[in-house]
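# Structure assessment
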Protein chains: 4
Amino acid sequence: MEPGSTLTNLRVCVVGAGKMGADHIERLSRRIVGAEVAVVVDADLSRAKKAAEWAPSAVAESNIGPALDREDVGAVVIATPGFLHKEMLLQVLERRLPILCEKPLTPDAASSWEIVEAEQRLEKRHIQVGFMRRFDAEYQCLRKLIASGELGELLMLHCSHRNPEAPKEFTNEMLINDSVVHEFDVIRYVTGEEINSVQVRLGRASRHAPAGQHDPQHVLIETEGGVLADVEIFVNAQFGYQVATQAVFEKGIVNIGEDGGPYFRSAGRWGGEVTPSFIERFRSAYDSEVQSWVDAAKQGEIGGPTAWDGYVTAACCEAGVAAQKSGEKVKVSLKAKPGIYC
Amino acid sequence: MEPGSTLTNLRVCVVGAGKMGADHIERLSRRIVGAEVAVVVDADLSRAKKAAEWAPSAVAESNIGPALDREDVGAVVIATPGFLHKEMLLQVLERRLPILCEKPLTPDAASSWEIVEAEQRLEKRHIQVGFMRRFDAEYQCLRKLIASGELGELLMLHCSHRNPEAPKEFTNEMLINDSVVHEFDVIRYVTGEEINSVQVRLGRASRHAPAGQHDPQHVLIETEGGVLADVEIFVNAQFGYQVATQAVFEKGIVNIGEDGGPYFRSAGRWGGEVTPSFIERFRSAYDSEVQSWVDAAKQGEIGGPTAWDGYVTAACCEAGVAAQKSGEKVKVSLKAKPGIYC
Amino acid sequence: MEPGSTLTNLRVCVVGAGKMGADHIERLSRRIVGAEVAVVVDADLSRAKKAAEWAPSAVAESNIGPALDREDVGAVVIATPGFLHKEMLLQVLERRLPILCEKPLTPDAASSWEIVEAEQRLEKRHIQVGFMRRFDAEYQCLRKLIASGELGELLMLHCSHRNPEAPKEFTNEMLINDSVVHEFDVIRYVTGEEINSVQVRLGRASRHAPAGQHDPQHVLIETEGGVLADVEIFVNAQFGYQVATQAVFEKGIVNIGEDGGPYFRSAGRWGGEVTPSFIERFRSAYDSEVQSWVDAAKQGEIGGPTAWDGYVTAACCEAGVAAQKSGEKVKVSLKAKPGIYC
Amino acid sequence: MEPGSTLTNLRVCVVGAGKMGADHIERLSRRIVGAEVAVVVDADLSRAKKAAEWAPSAVAESNIGPALDREDVGAVVIATPGFLHKEMLLQVLERRLPILCEKPLTPDAASSWEIVEAEQRLEKRHIQVGFMRRFDAEYQCLRKLIASGELGELLMLHCSHRNPEAPKEFTNEMLINDSVVHEFDVIRYVTGEEINSVQVRLGRASRHAPAGQHDPQHVLIETEGGVLADVEIFVNAQFGYQVATQAVFEKGIVNIGEDGGPYFRSAGRWGGEVTPSFIERFRSAYDSEVQSWVDAAKQGEIGGPTAWDGYVTAACCEAGVAAQKSGEKVKVSLKAKPGIYC
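Positions within a chain are numbered from 1, following the residues in the order the chain's sequence is written. All chains are assigned letters beginning with A, and all ligands numbers beginning with 1, in the order in which they are written. Only residues with pLDDT of 70 or above have their local features reported here, since the model is predicted, and side-chain atom pairs are shown and tallied only from 80 upward, although totals for entire chains, interfaces and linings are computed over all residues. Water and hydrogen atoms play no part in the side-chain values, which are based on all heavy atoms of the structure.

## Quick notes on the relation of the copies chain D and chain C
Note the threshold: To line up the copies, we fit them by least squares on C-alpha atoms, keeping just the residues with pLDDT of at least 70 in both. Residue contacts are defined here by distance: any two heavy atoms, one from each residue, within 4.5 Å place the two residues in contact.
Rotating chain D by 180° about the axis while translating it 0.0 Å along that axis superimposes it on chain C, leaving an RMSD of 0.0 Å. Interpreted geometrically, this transformation is the action of a two-fold axis. Mapped onto chain C, 100% of the interface residues of chain D are again interface residues, and the two copies thus contact each other with one and the same surface.

## Description of the environment of phenylalanine 282 of chain C
All names here are of chain C. Where we set the bar: Numbering of helices and strands runs from the N terminus, with a helix taken as a DSSP run of H or I at least four residues long and a strand as a DSSP run of E at least two residues long. Each residue gets one of three labels from its accessible area relative to the maximum for its type: buried under 20%, exposed over 50%, partly exposed in between, using a 1.4 Å probe on protein chains only.
Residue position: phenylalanine 282 is located in helix H8 (residues 278-298). Looking at phenylalanine 282, the relative accessible area reads 0%, which means it is buried. A sequence separation of 145 residues divides phenylalanine 282 from alanine 137, and the C-alpha atoms of the two residues are 9.8 Å apart. Apart from the residues lying within four places of it in its own chain, the contact partners of phenylalanine 282 are Met132, Arg133, Asp136, Tyr139, Tyr241 and Val243.

## A closer look at helix H9 (residues 307-326) of chain B
One full turn of an α-helix is made of 3.6 residues, so residues set three or four places apart face in the same direction. All names here are of chain B. Selection criterion: Multiplying one less than the number of residues by 1.5 Å gives the expected span of a helix. For the purposes of these results, a polar contact is taken to be a pair of N or O atoms within 3.5 Å, where, inside protein, one atom must be able to donate a hydrogen and its partner to accept one; residues adjacent in sequence count only when each atom of the pair is a side-chain atom.
End to end, H9 covers 29 Å across 20 residues, agreeing with the expected 28 Å (1.5 Å per residue, within 8%). Counting buried positions along H9 yields 16 of 20 residues, so the element is predominantly enclosed. For H9, the capping residue at the N-terminal end is threonine 306, with a side-chain oxygen 3.2 Å from the backbone nitrogen of tryptophan 308.

## Re the sheet that holds strand E2 (residues 35-41) of chain C
Residues and elements named next belong to chain C. Put simply, the test is: Between any two strands, pairing holds if DSSP finds at least two bridges. Fitted lines through C-alpha atoms give the axes, limited to the stretch in contact for helices. The angle between two N-to-C directions lies from 0 to 180 degrees.
Within the open sheet, the 6 strands sit side by side as E3-E2-E1-E4-E5-E6. Their pairing is parallel. At either end of the open sheet lies a strand with only one pairing partner, and these are strand E3 (59-61) and strand E6 (127-129). Pairwise comparison of adjacent strand axes, ignoring direction, gives a mean angle of 25° for this sheet. Inspection of the sheet shows strand E5 (residues 99-101) paired to E6 by 3 bridges, in the parallel sense.

## Some remarks on the sheet that holds strand E5 (residues 99-101) of chain A
Residue and element names in this part refer to chain A. Spatially, the 6 strands line up as an open sheet ordered E3-E2-E1-E4-E5-E6, and their pairing is parallel. Of all strands in the sheet, those bounded by a partner on one side alone are strand E3 (59-61) and strand E6 (127-129). Averaged over all neighbouring strand pairs, the angle between strand axes comes to 25°, with direction disregarded. On the sheet, helix H1 (residues 19-30) packs against strand E1 (10-15), strand E2 (35-41) and strand E4 (75-78) and is oriented at approximately 150° with respect to E2. Strand contacts of helix H2 (residues 45-52): E2 and E3, with the helix running at about 160° to E3, the strand carrying the most contacts.

## Some words on helix H7 (residues 172-191) of chain B
All names here are of chain B. Keep this limit in mind: To get the bend at a residue, fit one axis to the 7 residues ending there and another to the 7 starting there, then take the angle between the axes.
For H7, built from 20 residues, the straight-helix expectation of 28 Å at 1.5 Å per residue is met to within 8% by its first-to-last C-alpha distance of 27 Å. Maximal helix bending in H7 amounts to about 50°, located at valine 180. Summarising burial for H7: 15 of the 20 residues are buried, a large majority. Remark: glycine 192 follows H7 within two positions and exhibits a positive phi of approximately 70°.

## Observations concerning the interface of chain D and chain C
Formally: What gets called buried area is simply the loss in accessible area from a 1.4 Å probe that two parts show on being joined, summed for both. Any carboxyl oxygen of Asp or Glu within 4 Å of a side-chain nitrogen of Lys or Arg constitutes a salt bridge here.
Contacts between the two partners involve 34 residues from chain D and, on the opposite side, 34 residues from chain C. Between chain D and chain C lies a buried interface of about 2700 Å² when both sides are counted; carbon and sulfur atoms form 63% of it. Our enumeration of links across chain D and chain C arrives at 0 salt bridges. Summed over the shared surface of chain D and chain C, the number is 4 residue pairs in polar contact (both at pLDDT 80 or more). Those elements that provide at least two residues to the side of chain D that touches chain C are helix H1 (19-30), helix H6 (137-148), strand E12 (252-256) and strand E13 (263-266) of chain D. At 5 residues, E12 of chain D tops the list of elements feeding residues into the side of chain D that touches chain C.

## As for the side chain of serine 197 of chain B
Residue and element names in this part refer to chain B. Counting through the fold element by element, serine 197 comes out in strand E8 (residues 195-202). Serine 197 sits in the buried class, given a relative accessible area of 7%. Non-local contacts of serine 197, meaning those with residues more than four positions away in its chain, are made with Leu220, Ile221, Glu222, Lys329, Val330, Lys331 and Val332.

## Digging into the pattern of salt bridges
Residues and elements named next belong to chain B. According to the stated counting rule, one finds 100 salt bridges over all chains in the structure shown. Notably, a salt bridge pairs arginine 31 with glutamate 26, separated by 3.7 Å at the nearest N-O pair. Residue classification places arginine 31 among the partly exposed residues on the basis of a relative accessible area of 28%. On the basis of relative accessibility, which here comes to 15%, the residue glutamate 26 falls in the buried class.

## Remarks on the interface of chain C and chain A
Applied cut-off: Amino acid classes used here: Ala, Val, Leu, Ile, Met, Phe, Trp, Tyr, Cys and Pro are nonpolar; Asp, Glu, Lys and Arg are charged; the rest, including Gly, are polar.
Listed as interface residues are 42 residues of chain C and, on the opposing side, 42 residues of chain A. Summed over both sides, the interface of chain C with chain A buries roughly 3200 Å², with 52% coming from carbon and sulfur. In terms of surface lost to chain A, no three residues of chain C exceed Arg201, Arg204 and Glu250 of chain C, which account for 25% of the buried area on that side. For the pair chain C and chain A, the number of links is 6 salt bridges. Between arginine 204 of chain A and glutamate 193 of chain C there is a salt bridge, with the nearest N and O atoms lying 2.6 Å from each other. Seen at the junction of chain C and chain A, the total is 20 residue pairs in polar contact (both at pLDDT 80 or more). At the level of elements, strand E7 (154-162), strand E8 (195-202), strand E9 (217-223), strand E10 (228-234), strand E11 (242-249) and strand E12 (252-256) of chain C are the ones that each hand at least two residues to the side of chain C that touches chain A. Residues belonging to the side of chain C that touches chain A are distributed by class as follows: 17 nonpolar, 14 polar and 11 charged.

## Quick word on the pairing of E2 of chain C
Residues and elements named next belong to chain C. How we decide: Here a crossover is taken to be right-handed if, once the strands point away from the viewer, the path from the first strand over the helix to the second is traced clockwise.
Across the 7 residues of E2, 7 count as buried, placing the element largely inside the fold. Pairing of strand E1 (residues 10-15) with E2 involves 6 bridges; the strand directions are parallel. Note on E2: the bridge partner recorded for leucine 10 is alanine 35. Since E1 and E2 lie parallel, the crossover through helix H1 (residues 19-30) that links them has a hand, and here it is right-handed. Where E2 lies against E3, 3 bridges are found, and the strand directions are parallel. Following the sheet pairing, valine 41 is matched in E3 by glutamate 61. Each parallel crossover has a hand, and the one from E2 via helix H2 (residues 45-52) to E3 is right-handed.

## Quick notes on the confidence of the model for chain A
The line we're drawing: Confidence scores labelled pLDDT are given residue by residue by the predictor and lie between 0 and 100.
Overall, the prediction assigns chain A a mean pLDDT of 95, with 98% of residues at 70 or greater. In this model, residues 1-6 of chain A is a region of pLDDT below 50 whose contacts with residues beyond four sequence positions or in other chains number 9 contacts.

## Thoughts on unusual backbone geometry
The residue after aspartate 215 of chain A, namely proline 216 of chain A, is reached through a cis peptide bond having omega 5°. You can see proline 216 of chain A is positioned in the loop between strand E8 (195-202) and strand E9 (217-223). Located in the positive-phi region is arginine 96 of chain B, a residue other than glycine, with phi close to 55°. Since its relative accessible area comes to 52%, arginine 96 of chain B is described here as exposed. Look at glutamine 238 of chain C: it is not a glycine, yet its phi comes out positive at around 65°. Position of glutamine 238 of chain C among the secondary structure elements: in the loop between E10 and E11.

Okay, structure coming up:
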């Protein structure tokens, strides 16, 4: 924001008042400068009303139609389950409002491509997809370092994504679609390269994983430029939360996502506390993501990850799930990138 | 802030448009929710005008009088040089507005005590002093740890306060008054105890210190409860910025202020970047300090360090400067704590 | 060694006076208690003589025959190039002397199996193979931790093996046979499981690798119990030397091989010195390996990695080289383990 | 040791078969090359006999006289309580044998000075005092770094010396004489400067300290060149063992004595194991000290800390104990350094 920007707050319609939606409502009301929540939409109207209490001037609706008809609504956050995204996105695109759509853009590559085409017809980007890791200072630093060539070319990326535990209903497909999807995005983000192929290794599974979850898994990824990435995805890791990457360059190694904070020596041990969850790890990335979106929206712009990024990661996830089933290396095939994303 | 708090922004008068003042204006305009700058006051009107550009609806004044007469001003930030604080504080106290006063409260214990008395006459706290370290997550964690007794009693504190370099005009007195003052405050904050005495050791000085600065110095502090603290103050330390504390408990040792961030292995070295300055180290503490003050001010309250804290640290600084000159242990003597601070 | 063990030194014949052999001669003469070098054998007699200077009472020979005829020789260290090992081993086995044979046992699985059979015919182990990592305190600690079950079952191992630079004549096969061979051994050592399969991924290569070296490579290994291991082998990594493993358990993560030593803050950086080479990293493991071999040999015993371990790693290396060429997962097939190794 | 050094072992008489003496006997027998124990002397003959079992060819004596009469004894280790050192040293000096004398040289400066004079009369150094920290790789590295001037001049040293717990009979004087004595020595060693003064601060004491021990204490030391050192001595620190130093240079900060080893993430914590005791921390320093003494003794030389160092630290300890009692800064006064120590 430059000196002199307007005082008028961006009035935001938040669709979906579940955990993520409520979180965005609280964020927009308490930590984001220059925005406020105008409407909260949820099929469950009482849930919408409850979530709207955080936002001093917000009204609740059970349907997106009336919300979009309001003159004061200047932007939309979509935080419903993914299978509802496509219809919502098409409706909001018609109104040509800036959108922050939680990931996934849509649950599969084909429907994501429809969104890409619809946006392309408007000849302007309206959608930012909620890949908030791009707003994390350490990933940004890694991206800059790769681009700078300071340590030579990037050769490999060793990623780990560890959650203390996953819900029982988490399936093997969700391991890819909900967790590894972030790694697909950041690998693309830090390298600036598309992903060519995915392979998945299944070995000994943790006894702490609920039935039906083969956990951990080892995902092998190759970019178009030949960078070899591998992701350990482990969603019942018990010890705490950790999202870390080790980047191997021609002339050095860089780790991000290391634990920090107060350092103890007690009871025969040195060290500190492991980050307990993604909330502590990525809180400021979420804030920074939404602030950045609000600032751009007020200027009529969209920055951040695009619908194209949403489409590509959907294609990667499809390849990932297929690889999980076959054990083979699966190629990721993409349509040509439309002009507005170039 | 609870759900449903009012939308109306707190309109703030910022007095002093130098480095610190301009920083607060930008912060209030861009990162603090629920506040906006109404007036910028600086004897140098053009400087006031320039700083006011960050704040969309702010006007500039060269004098605090007209600013305080404005109906819409609901709170005041004082960011002028310390020797001007006393008069300003008395004027604003008359208007009974909430104040955030950058440290020092005033330059000496006697004048600080006058402020304490003036505030005490109002029978309510109006002043928060800008000891922003209390809003740093690691100091807060240390304070909680001490209070919890989890590692037994606190016995010692080893503090270091290292700047890459100090301005030429920095004097030995300023070493105490501008730098060690923060350590006085946090020692009091984390222990919950007053400081009894100060001693200063001068040894070999760095050749990188400008003439007239004996740097580093070793400051020995004792609390009323017998905690031994020592502070290495080193303002021309060249290598980078570091503010760190090691707390020695009966059953363990805790370090705060350790470096973190991306971890490199390159050119025969492992490690990362040292924090370059207090800006990176304490940026979020400043934001959190001001947000907390704004939130409280909107409820008619003052939290955070008080005028009493300002007075006590002024007394500690006086003892510190005397100790610097004599080489002896100097007792800190304090008047009785007035009721509104209890 | 128990109190009261005999004073008589074990008199050792060292075959091969190249870098490794000379190193063992110096070690046996200066740092190993209870042993001394009796003969140094090298086809290049002047090299043998030169190396023998470290050992006060040693004679030099150009041929192993006369050396083995000496009455005083009680044990043999073989440190010649691998392709000469088979004949030497068979000769020494005939004399039934304890042998410390530098890795590889022999250059391929078939010839290693011949040694295994020859030793099996003697109905007693005589050969220890030079996998010195088993004598490194951190690998020993990891092995104990896995066996203890303290952190649940071991699920994955992420290994990295980085050298600052490799000789020009280093081939892709040598990457497996000379470097990854150590990882094969320690994976077997810490897990207590055999290796089932090997796959190799080739991606972008470092421009610092000499022609003909595709470096780094990513080696995927699976144990019979389903542990997924992966090894980044990178022999032109420039920044320094690093051999590290991250073990993923059901309830925690353990890293070994982290850098330590003096910790600097200077010139805007925190950290320390990367280990420059395998010498600093594994010096004490070498000493401990040889001391352990000497102590056992004096009791007529052999501890440490066996000829069977030499045979198995040779089979793993063969699979690794095949995998390198095909890009496919290659199964490791082993003969049944002879009784003396059980 | 150069190539070609003699095979004949140095035959050592160890006086004192308590904990330290037995430790040296085991070391000389098992880990030190080129030496063996010839006689073990202890007033308690059965204790001497028991300790002598570690040494294959050793005999036991209850008196030093007959031991020194033995033709084969080439060197003496003194490991009795300090108050017996003076008489022993004088007796052995008469025999002109190389001596490794455990610290303290003698219990006070006056008697240490007598030893210095006796040795000076022999016109050659015969005594090495057991300040084993000088053989620790990190202290050696720090000493080199200071001498190099690479980070500018050394300005301050922050030392901590923490034991898990002290025996009940440990007195305040022993805190200085048995623990801080090592810090006196290493401060002299790394700086190459004598100590000018000592002051001791007593604050809140740990409730885990036995009656009569005021623990921890904060010892302030100044070298002749103006380096300010401070030592936290804390012998009931519960959490584990730690001997660490932070050196403050004009251009950087260096820490030695940091914990290392395997790095865990488990149960919400990251970190590793604190060194449990001085044995793990300094084992290799002890070995290296004794090996170095043996190597020199076989050449008729003495390296390492001298009787002069023993005398000076005794003077520092006397000043330290006086400072402990008075709370004041106490000057250390030394006689002129005799020629054989220059």
